[in-house]
Structure formats: structure tokens, C-alpha cells
Amino acid sequence: MMTIHDWATGPYPARVRIALAEKGLADRVRFRSVDLYKGDHKRPEFLEKNYSGTLPVLELADGSFIAECTAITQYLDTLAGPPTLTGATPRDAGMIHMMNKRAELEVLDPISVYFHHATPGLGPDVELYQNPEWGLRQRDRALRGLRYFDGVLRRQPHVAGDAFSMADIALIGGMLFAGIVQLPIPEGCEALLEWHGRMRERPSYRGRVTMSG
Ligand code: GTS
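What you are looking at is a predicted structure, and each value in this text was computed from that prediction instead of being measured. (Residues numbered from 1 in each chain as written. Predicted model: local features only at pLDDT ≥ 70, side-chain atom pairs only at ≥ 80, totals over all residues. Heavy atoms only, no water.)

A. Quick peek at the site of the ligand. Taken together, 14 residues lie around the ligand, and Tyr12, His41, Leu55, Glu68 and Cys69 are the ones closest in. Separating an oxygen atom of the ligand from a backbone N or O atom of proline 11 is a distance of 3.2 Å. Side-chain polar atom of histidine 41 to an oxygen atom of the ligand: 2.8 Å apart, as the coordinates give it. Relative to its free-state accessible area of 550 Å², the ligand is covered by the protein chains to the extent of 87%. Looking at the shell around the ligand residue by residue, the classes come out as seven nonpolar, four polar and three charged. (Near = heavy atom within 4 Å. Polar contact = N/O pair within 3.5 Å; in protein donor to acceptor, adjacent residues only side chain to side chain. Areas by Shrake-Rupley, 256 points an atom, 1.4 Å probe, with all protein chains shown as cover. Nonpolar A, V, L, I, M, F, W, Y, C, P; charged D, E, K, R; others polar.)

Spelled out as C-alpha cells, the structure:
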């Protein structure tokens, strides 16, 4: 049995929960909740599991810990058979990793910075340093990123090409975080919204929130 340390409604944890559902691995994990609003992810006990102090973290049966959504997804992808989330050919793997990173760099991570720096974030006890100007710049970066992905999705049905992949999951994380911080999706992003509608139809999208224990 593996353990996922996460926060059930968080957008980054959602990425791993969706990957678990896509791979049919949900019954091989149990979840331990780490309370972000109490700052439990910044305490020494947790930092021993993940130096970066972020969720989610996958704990393996042998006691080792894998942090970072991309690394966890890669691990889960190789643990079980199809569908592949990280690419079956070298070309697909390269494309998926690039677009996954781009979804993080241009959408998900900037929205996270906006949340932590330009909104109350996790509250004054946890947000010990805030730089609102930096947060607002990152919000604008995310808005540009959303427009970029709209352009990508006008040309192809999924973020990294024809097939659903880890890169779609990363952008779903961005859309979830945009919803949490009430960031309006820029006007004219029809392809992005159409794609998001299709993603919401996937059982893994809805299934992610029902996983527990
Ligand atoms: N690069 C990390 C990853 O990909 O796993 C980022 C993870 C991350 O930022 N997780 C959020 C977190 O721990 C969880 S959530 O906001 O999506 O619920 N945030 C707390 C913090 O203090 O940064």
C-alpha cells in the first residue's frame, strides 16, 4: 500500500488524484491529509518527507518519498499499464514533458504565486512573506499562458497532441486553481473552454474528489 500526503481539494494534489484514477490505481493508495491552512506542510516532520514543503508527496511501501507532481505521475505511469500518461515513444515523451512543464511554468505556478502573494492565500500565520506586486505580475503571466494554451488547443485536441496525457492534467490543475482564485479566463479562449469541458467529462476529473482514506 502506498500513501499520498495531500490536501483533498488542492489543485496540485488533484493532478496526482487524476493520474491515479486514469491508471486505475486508486485502490492501491491511502490518503493522509496535511492541513495547509494550519501550515502543517512547513513543520519539520513534513519537511523531512519533502524538503520543499509542498503537497502532494507519495510515500512508497519501502518508506521512500517522491515529491513533485510530475515525478509522482511518472512513477505511477510506469507502475501500471495503459493508458500511458507520459508518452509511449521518445517523441511523445519529449513533447509531453515539454508541454507539462510549460503548463506549470506559464499557468499553474504563476497562479499559485498570485494566490500566495496577492491574495490572503493560506492566511497570515502561514504566509510570512508576501509581495503583492510580484503576485500580480504572475497573475498576468498566467493570463498570457491561458491565451497561449488556447492557441495550442485550436490546433490539436490535447495539450501535447492527439492523446490525453500528463500535460492535460497539469493544465487542468491550472484551471482548478484559476477557479479557486476566481481568475477570469480571458475573452475569446473558446478552444481552451471546449477542451476543459471535455476534461470535466472524464471520470478521473470527478473521481478525484471522492478518493479518501
Ligand atoms: N512543484 C510542486 C509540485 O508540482 O508538486 C508544487 C506543489 C504545490 O505548490 N502544492 C501546493 C502547496 O503545497 C498544494 S495546493 O495549493 O495545490 O493544495 N502549497 C502550499 C505552499 O505553501 O506553497
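Now that the structure is up, let's keep going.
B. How the structure looks around the pairing of strand S2 (residues 29-33). As paired elements, strand S1 (residues 2-6) and S2 share five bridges and run parallel to each other. By the bridge assignment, methionine 2 is partnered in S2 with valine 29. Since S1 and S2 lie parallel, the crossover through helix H1 (residues 11-23) that links them has a hand, and here it is right-handed. (Pairing = 2+ DSSP bridges. Helix = DSSP H or I, 4+ residues; strand = E, 2+ residues; numbered from the N terminus. Right-handed = clockwise from strand over helix to strand, strands pointing away.)

C. Inspection of unusual backbone geometry at higher detail. Looking along the chain, the bond that leaves leucine 55 and enters proline 56 is cis, with omega of 0°. Note that proline 56 resides in the loop between helix H2 (44-49) and strand S3 (57-59). Here the bond from proline 82 into proline 83 is cis, since omega is 0°, no more than 30 degrees from zero. Structurally, proline 83 can be placed in the loop between helix H3 (69-79) and helix H4 (90-118). In this structure, glutamate 68 takes a positive phi of about 80° despite not being glycine.

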